[in-house]
Amino acid sequence: MNIIRLQGDAEKRSGIYYEYDVDATPLGEGGMGRVFKGFRVVERTGERMPVAIKAIYDNIPERVVERARREANIQLDNDNLIRMYGFVETISHYEGGTKSKVHYHVIMELLVGVTLEDIMNGVTSDQNGMQIPFAAELYSQYTQNRNAAVVRIMKSILSGLMALHDKGYIHRDIDPSNVMVTIDGKIKLIDFGICKQIVSLESFDKALTATGVFMGKVNYAAPELVLGDVKSQSYTTDIYALGILLYRLCAGHLPFSGTDQDILSANLRSSLPMKDIKGNDFKRIIRKATEKVQSKRYASVAELRVD
């Protein structure tokens, strides 16, 4: 065991610290860092609460570190959003104390469950083989009464996204792999890594959001995302992705196929094929959500949720 203790100024003021075993098997590993199970510890009482701790890779570009910092600062308490707790820096000294290295950590809610992507592929157990009863329930409903399951899933996602939008952020990476179905019966939107604050596009945000650079998932990309048109990215950018997600839930497949370039081009110019969408109401909602012209889409997530 090699227990690392994390405590920044904010944690000291709150009388808490975080800890994790750096030698433990990670819960997951991605492009930004490795995620470990850790604990939030209250100093006065010793109370311990499980958390997930993303240890950012050493020598990662500064812009990636700033993205992680911003992700950690989107701290909203909502049943349908992952809860972020903080961003903690630690310094280690080496070569007799003459040199030092800064290590960065993102602290977030520990979720036990499976992704919506998993469920759509019939997987209702997590990576450790633990059955997630709520996931099994949703999958059963999805196979027997698809329309009811779709409405249930979408309304939860929309509730979480509404809270994110109310705080002035757009997600820009909505897809089934970023929706978690948890063991405690929640449907949560996760991964705020490429969220953008649109209330005020400050110089800090401009540095993280370069014009002409594509961000997000090709299958769910609104035209303004395809073009890297930062100034036009708005709440309706997420609404386009929601329309594609609704299409996939209803049809069981994505509207466009081919190479990434084929799909990006289709999202830019092509209408969605509707032959596999059952029910005129769903067709109408999907068409409106995925209009190529932003002003023709739903103006807000709340409006989409009503429909």
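Residues numbered from 1 in each chain as written. Predicted model: local features only at pLDDT ≥ 70, side-chain atom pairs only at ≥ 80, totals over all residues. Heavy atoms only, no water.

Visitor: Got a minute to help me understand the sheet that holds strand β11 (residues 187-189) in this structure?
Guide: Strand pairing in a sheet relies on backbone hydrogen bonds, with the paired strands running either antiparallel or parallel. As summarised here, the arrangement of the three strands in space is β8-β10-β11, forming an open sheet in which the pairing is antiparallel. Looking at strand neighbours, the two that pair on one side only are β8 (113-115) and β11, the edges of this open sheet. Neighbour-to-neighbour, the strand axes of this sheet turn through a mean angle of 30°, independent of strand direction. Inspection of the sheet shows β8 paired to strand β10 (residues 179-182) by three bridges, in the antiparallel sense. Looking at β10, one finds that Thr-115 is bridged to Met-180. Against the sheet, helix α4 (residues 133-144) engages β8, β10 and β11, with an angle of about 110° to β10. (Pairing = 2+ DSSP bridges. Helix = DSSP H or I, 4+ residues; strand = E, 2+ residues; numbered from the N terminus. Axes fitted to C-alpha atoms, helices over the stretch in contact; angles between N-to-C directions. Contact = heavy atoms within 4.5 Å.)

Visitor: Can you walk me through unusual backbone geometry in this structure?
Guide: Most peptide bonds take the trans form, and the phi angle of most residues other than glycine is negative. Positive phi, normally seen in glycine, also occurs at Arg-172, with a value near 70°. Within the secondary structure, Arg-172 is located in the loop between β9 (169-170) and β10. We note that Asp-191 has phi near 65°; this positive angle belongs to a residue other than glycine. Examined against the element boundaries, Asp-191 turns out to sit in the loop between β11 and β12 (196-197).

Visitor: Can you help me understand the packing of helix α8 (residues 235-251) against helix α10 (residues 280-289) in this one?
Guide: Describing two packed helices takes the angle between their axes plus the distance from one axis to the other. Taken N-terminus to C-terminus, the directions of α8 and α10 make an angle of 150°; their axes are 8 Å apart at the nearest point. Considering the angle they form, α8 stands roughly antiparallel to α10. Here α8 and α10 pass one another in a crossing that is left-handed. Of the residues in α10, those touching α8 at Ile-239, Tyr-240, Gly-243, Leu-246, Tyr-247 and Cys-250 are Phe-282, Ile-285, Ile-286 and Ala-289. Tallied by class, residues from the contact of α8 with α10 come to nine nonpolar, one polar and no charged. (Parallel < 35°, antiparallel > 145°, perpendicular 65-115°, else oblique. Left-handed = near helix turned anticlockwise from the far one by under 90°. Nonpolar A, V, L, I, M, F, W, Y, C, P; charged D, E, K, R; others polar.)

Visitor: Looking at this structure, how should I read α10?
Guide: Residues spaced three or four apart along an α-helix face the same direction, because each turn holds 3.6 residues. Looking at α10, one finds that the buried residues are Phe-282, Ile-285, Ile-286 and Ala-289. Buried residues in α10, looked at end-on, bunch into an arc of 95°, giving them a common side. For α10, the elements touching its buried residues are α5 (146-166), α8 and α11 (301-306). (Buried < 20%, exposed > 50% of the residue type's maximum accessible area, 1.4 Å probe, protein only. Arc of directions from axis to C-beta.)

Visitor: Help me out: how do you make sense of α4 in this one?
Guide: Here α4 contains twelve residues, and its C-alpha end-to-end distance of 17 Å stays within 8% of the 16 Å for a straight helix at 1.5 Å per residue. If you follow the buried residues of α4, they end up packed against β8, α3 (116-120), α5, β10, β11 and α8. (Expected span 1.5 Å × (residues − 1).)

Visitor: What am I meant to see in the environment of Lys-296 here?
Guide: With respect to the secondary-structure elements, Lys-296 resides in the loop between α10 and α11. Among the residues examined, Lys-296 registers a relative accessible area of 52% and is labelled exposed. Expressed as a C-alpha distance, the spacing of Lys-296 and Lys-188, which sit 108 residues apart in the sequence, is 28 Å. Excluding residues that lie within four positions of it along the chain, Lys-296 makes contacts with Lys-288 and Glu-291.

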